[in-house]
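Coordinate inspection notes
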Amino acid sequence: SQQGEEDPQALSIQEGENATMNCSYKTSINNLQWYRQNSGRGLVHLILIRSNEREKHSGRLRVTLDTSKKSSSLLITASRAADTASYFCATEALTGGGNKLTFGTGTQLKVEL
Amino acid sequence: ETGVTQTPRHLVMGMTNKKSLKCEQHLGHNAMYWYKQSAKKPLELMFVYSLEERVENNSVPSRFSPECPNSSHLFLHLHTLQPEDSALYLCASSQDWAKGQPQHFGDGTRLSIL
């Protein structure tokens, strides 16, 4: 079954506005990670939140995790044109070995001037 | 610079060709990964190497053959590919194979099969 389904698939906002992306998953996790991908580039790790954490901040990023609802959200505050990218959540299962991530299909964020 | 370099960035090949993708990481990591990224589909994990030993092989067709000669280098050898193999192939690394670590990605090789 697919883990990490992001919502919405696409989001267009004005510079300065906040952007919120959601991720839902299906099985128990050890941690959940968010990545950004600019067009034509690889993925860049943004933030990791463990299953026993509920909220985490990094600069303009705020991530929440609700394990009872099997969902996470990524909030980007005061967005900039440079935030235009695709954003992916990835889950690491609680069981099984190793640093194995399962990715969603991503949210395409466009920040317009 | 992410510390993970992939070459070539673009590759066009016929179905009968043999080619190789190369990945090199300069981060001192012990685990390396190959992913396939196709349009409208989630990133698919193909192979994982930890300390040069393959630890994951996600039912990948034998026309894809990985090689990890040392912890800094990872190759993906390609032969007799199909049109549906056209995709972005991403290499990643992490400190080791233990849980709870971020992965560092290269910029990928865009592969087109004619």
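Figured I'd write up the structure that's included with this text. Worth saying up front: this structure is predicted, and the values here are computed from it rather than measured.

Thresholds applied
Residues numbered from 1 in each chain as written. Chains lettered and ligands numbered in written order. Predicted model: local features only at pLDDT ≥ 70, side-chain atom pairs only at ≥ 80, totals over all residues. Heavy atoms only, no water. Helix = DSSP H or I, 4+ residues; strand = E, 2+ residues; numbered from the N terminus. Rg over C-alpha atoms; globule rule 2.2 N^0.38 Å. Buried < 20%, exposed > 50% of the residue type's maximum accessible area, 1.4 Å probe, protein only. Contact = heavy atoms within 4.5 Å. Areas by Shrake-Rupley, 256 points an atom, 1.4 Å probe, with all protein chains shown as cover. Lys, Arg positive; Asp, Glu negative; His and termini not counted. Charge placed at Lys NZ, Arg CZ, Asp CG, Glu CD. Disulfide = S-S within 2.5 Å. Pairing = 2+ DSSP bridges. Axes fitted to C-alpha atoms, helices over the stretch in contact; angles between N-to-C directions.

Each helix and strand in chain A was counted, giving 0 helices and 11 strands. In chain A, the succession of helices and strands from N to C terminus is β-β-β-β-β-β-β-β-β-β-β. Relative to the compact-globule value of 13 Å for 113 residues, chain A shows a C-alpha radius of gyration of 14 Å, a close match. The principal-axis extent of the C-alpha atoms belonging to chain A is close to 45 × 30 × 20 Å. Burial status across chain A gives 43% buried among its 113 residues. The long-range share in chain A, meaning contacts at least 24 apart out of those at least 6 apart in sequence, stands at 55%. With an accessible surface of roughly 5300 Å², chain A has 44% of that area assigned to carbon and sulfur atoms. In chain A, 13 side chains carry a positive charge and 11 a negative one; their mean positions are 5 Å apart.

This paragraph deals with the state of the cysteines. Taken as a whole and assessed by the stated rule, the structure comprises 2 disulfides over all chains. One disulfide bridge connects C23(A) with C89(A), the sulfur atoms lying 2.0 Å from each other. Its S-S torsion of approximately 70° makes the covalent link between C23(A) and C89(A) right-handed. Of the two residues, C23(A) is situated in strand β3 (residues 19-24) and C89(A) in strand β9 (residues 85-93); the sequence distance between them amounts to 66 residues. One exposure class covers both C23(A) and C89(A), and it is buried. Across the disulfide from C23(B) sits C91(B); the S-S distance is 1.9 Å. Note on the C23(B) and C91(B) pair: the S-S dihedral is about -75°, so by sign convention the disulfide is left-handed. With C23(B) in strand β3 (residues 18-25) and C91(B) in strand β9 (residues 87-94), this residue pair connects regions lying 68 residues apart in the sequence. Of the two residues, C23(B) and C91(B), neither departs from the other in class, the shared state being buried.

Residue and element names in this part refer to chain A. The strand order across the open sheet formed by 5 strands is β1-β3-β8-β7-β6, and the pairing between neighbours is antiparallel. Every other strand in the sheet has two partners, leaving β1 (5-7) and β6 (55-58) as the edge strands with one partner each. Geometrically, the sheet is characterised by an average inter-axis angle of 20° between neighbouring strands, direction not taken into account.

With that settled, consider the pairing of strand β5 (residues 43-50) of chain A. Residue and element names in this part refer to chain A. Bridge count for strand β4 (residues 29-37) against β5 is 7 bridges, and the pairing is antiparallel. Directly across from Q33, in β5, lies its bridge partner L48. Between β4 and β5, which pair antiparallel and follow one another directly, the connecting turn spans 5 residues, one of which, G40, has a positive phi of 75°.

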